[in-house]
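Chain and residue survey
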Amino acid sequence: MVEAAHFDDSQAPNAIAKRVQGAGHLKGWTRKKLRRHISEHLKNARFKRFGGGTQVTVGQLETILADLPTAPEGQESDSLLLIGKRLDPHMCLVFSTPAWLHNLRLQELEGKATWVWTDGTGKVIWQKCRILLLGVLTTAHTISPVALAIARTEKAEAYGFLLRSTKEAVESLHPCWTWDLKYLMSDGDKGIIAAARLIWALITWLQCYYHVQRNLKRELGKGPRKGLSQDVKDE
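Residues numbered from 1 in each chain as written. Predicted model: local features only at pLDDT ≥ 70, side-chain atom pairs only at ≥ 80, totals over all residues. Heavy atoms only, no water.

Helix and strand counts for the protein chain come out as 9 helices and 7 strands. Burial analysis of the protein chain (235 residues in total) assigns 39% to the buried set. Taking the intrachain contacts of the protein chain between residues at least 6 apart in sequence as the baseline, contacts between residues at least 24 apart amount to 47%. (Helix = DSSP H or I, 4+ residues; strand = E, 2+ residues; numbered from the N terminus. Buried < 20%, exposed > 50% of the residue type's maximum accessible area, 1.4 Å probe, protein only. Contact = heavy atoms within 4.5 Å.)

Here it is, written out as structure tokens:
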């Protein structure tokens, strides 16, 4: 139950502890003690799922990144580009390819690049860092990748750095074009849209279907869920 709540429903240790005690388990434990035991259990579970390894130092990271091109001009379409780098105070590295950036421009010509989606990966972790994804929403209800970031934290400033780095990279590739983003789809973190509005003042935020459905299930608890997915789609 603990692992499912954390990895599948993205619940933090404190929320899991509250859920465990609410179900009538371990009532003699303090919330602090239970949270500590849950955190230790999840730490071991993450190690089993994602592996351990030695932490890369900033110096080693600089060496690894030194040979990566930072601009798309003159590069092969599938070349890995480092379009954004910030090591302090919170590391955030942004990557893309010329093909992904060109595709963003093509999507815009078809009237699709005004809608983008972004989210972090709770199950894919590198060096204790989250992977942040950015993609264009297509009319076929799929996501065409634009960039990804490796970030020490999944905070609004990291998403803002991802968005700004991508904007600068695609506009350097197409200097006569300004990427005017209209809609951003993400989870319920209000900091993400606040960071985006520092770049695009009039942008509109949309919450993705998956997070709406997950939040409703969490609020309903063990209540009736039959037909919930269809109800969300109808709304």
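Another aspect to go through is the pairing of strand 5 (residues 143-151). In the sheet, strand 2 (residues 92-96) pairs with strand 5 via 4 bridges, with the strands oriented antiparallel. Pairing of Val94 across the sheet is with Ala149, part of strand 5. Alignment of strand 4 (residues 129-137) against strand 5, held across 8 bridges, turns out to be antiparallel. Counterpart to Ile131 in the pairing with strand 5 is Ile150. (Pairing = 2+ DSSP bridges.)

It is worth spelling out helix 5 (residues 98-109) at this point. The end-to-end C-alpha separation of helix 5 is 17 Å, in line with the 16 Å expected for 12 residues at 1.5 Å each. Taken residue by residue, helix 5 has Pro98, Leu101, Leu104, Arg105 and Gln107 as its buried positions. Lining the buried residues of helix 5 we find strand 1 (81-86), strand 2, strand 4, strand 5 and helix 6 (156-173). (Expected span 1.5 Å × (residues − 1).)

This part is about a positive patch on the surface. Where like charges cluster on the molecular surface, the positive patch consists of Arg31, Lys32, Lys33, Arg35 and Arg36. Looking at Arg31, the relative accessible area reads 33%, which means it is partly exposed. (Patch = residues over 30% accessible without salt bridge, like charges linked within 9 Å, V, L, I, M, F, W, Y side chains within 5 Å. Areas by Shrake-Rupley, 256 points an atom, 1.4 Å probe, with all protein chains shown as cover. Salt bridge = Lys/Arg side-chain N within 4 Å of Asp/Glu carboxyl O. Lys, Arg positive; Asp, Glu negative; His and termini not counted. Charge placed at Lys NZ, Arg CZ, Asp CG, Glu CD.)

With that out of the way, let us pick up the packing of aromatic side chains. Tallied over the full model, the rule gives 2 aromatic pairs. Ring geometry for Trp179 against Trp200: centres 5.2 Å apart, planes inclined by 75°, an arrangement best described as edge-to-face. With a gap of 21 residues between them, Trp179 in the loop between helix 6 and strand 6 (183-186) and Trp200 in the loop between helix 7 (190-197) and strand 7 (204-207) connect regions that are remote in the sequence. Trp200 sits in the buried class, given a relative accessible area of 5%. The ring of Phe161 is capped by Arg86, whose NZ or CZ atom sits 4.9 Å from the centre of that ring. (Phe/Tyr/Trp six-rings, centres within 6.5 Å; stacked < 30°, edge-to-face > 60°. Lys NZ or Arg CZ within 6 Å of the ring centre and 35° of its normal.)

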